[in-house]
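Each chain, written out:
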Amino acid sequence: MATIGILLTGGPFQFENWETAVDIGEAALAKGHRVKYFLYLDGVYNPIRHQSFPDLDVMPKDRVSELVDKGAEIIACGVCVNARGLQGGKDYVEGVRVGGLPDFAEIVGEVDRLVTL
Amino acid sequence: MAQRHVLITFNHAPYGSIYYTEGLRAAVGVTSGIDEHTVDVLYLGDGVYFALKDVDRRDSAKYLGTLSASSVNLRVERDALLSRGISESDLAEGVEVIDGDEALELVRRADLTIDF
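Note that the structure is a prediction, hence the values are computed from the model and not measured.

Taken together, the contacts link 16 residues of chain B with 13 residues of chain A. Going through the elements one at a time, α1 (19-30) and β5 (112-115) of chain B are the ones with two or more residues in the side of chain B that touches chain A. The element contributing the most residues to the side of chain B that touches chain A is α1(B), with four residues.

Rendered as structure tokens:
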């Protein structure tokens, strides 16, 4: 079993980085690997629980929730969260933790592979 | 958990996005944990514009200072400079110009790479 780290800087509804990040994570989890995400920059917008968009059946936050349910660890950069007015991430879906770059440094020390998206 | 050597590459120009300085914040952050990871910083592609001497670095100054205090040099790839018509005399003090082979060696030496 390997541990995969994913640094996601892309936000939802504009670029597809978040979806690629989720797909990679789901595939890794399905094969029994551990997956740890660090959400950085606009990546911190992905877990907001109030998302709605008429052209999408599944919101990014729903995919994030599924990842949490499947065992992924997801940490959002606190400086990025507060810079974007997200008030400590209190509007996040359950299971997403607000942390800091020391958490990312910890992920760097744990992973077998790191993907930047 | 283990100490890792991480190569941070910058491909984005220092305008049009925040990657140039938030990437440096991440570079400093990577070194901040209990594992005491080490980093190299390499500018590639349009990222080399950050190495020009007249670039406004005020928002990155504290990260650059921290990296410098840890003896982390800013390196730029020579071909990226040449293809953009940038001469070494246009670069800020302390920037190290390296060839493509040396850049590849940095990749080989790194346990992990992160691109901004």
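A few words now on the sheet that holds β5(B). Residue and element names in this part refer to chain B. A sheet is described by the order of its strands in space; here five strands give the open sequence β4-β3-β2-β1-β5, paired in parallel fashion. The strands lining the two open edges of the sheet, one partner per strand, are β4 (96-98) and β5. Strand-to-strand twist across the sheet, computed as the mean angle between neighbouring axes with direction ignored, equals 30°. Judged from the three bridges that link them, strand β2 (residues 38-43) and strand β3 (residues 74-77) form a sheet pairing that is parallel. The residue bridging Val-41 from the neighbouring strand is Leu-74, located in β3.

All names here are of chain A. Here Ile-24 shows up in helix α1 (residues 17-30). For Ile-24, a count of 16 C-beta atoms within 10 Å translates into the label partly exposed. It is 15 Å that separates the C-alpha atoms of Ile-24 and Val-111, two residues lying 87 residues apart in sequence. Beyond its immediate stretch of four places on either side in the chain, Ile-24 contacts Ile-6 and Val-115.

So, on to the sheet that holds strand β5 (residues 113-116) of chain A. Residues and elements named next belong to chain A. Here five strands make up an open sheet; going across it, the order is β4-β3-β2-β1-β5 and the pairing parallel. In the strand order of this sheet, the two ends are held by β4 (96-99) and β5, each with one partner. Strand-to-strand, the axes of this sheet are offset by a mean angle of 20°, without reference to chain direction. Examined bridge by bridge, strand β2 (residues 34-39) and strand β3 (residues 73-77) share four bridges and lie parallel to one another. By the bridge assignment for β3, Phe-38 is matched with Ile-75. Across the face of the sheet, helix α4 (residues 101-110) comes into contact with β1 (3-8), β2, β3, β4 and β5 while running at roughly 150° to β2.

Rules used in this analysis
- Residues numbered from 1 in each chain as written.
- Chains lettered and ligands numbered in written order.
- Predicted model: local features only at pLDDT ≥ 70, side-chain atom pairs only at ≥ 80, totals over all residues.
- Contact = placed C-beta atoms within 7 Å.
- Helix = DSSP H or I, 4+ residues; strand = E, 2+ residues; numbered from the N terminus.
- Pairing = 2+ DSSP bridges.
- Axes fitted to C-alpha atoms, helices over the stretch in contact; angles between N-to-C directions.
- Buried ≥ 20, exposed ≤ 12 C-beta atoms within 10 Å, placed from the backbone.

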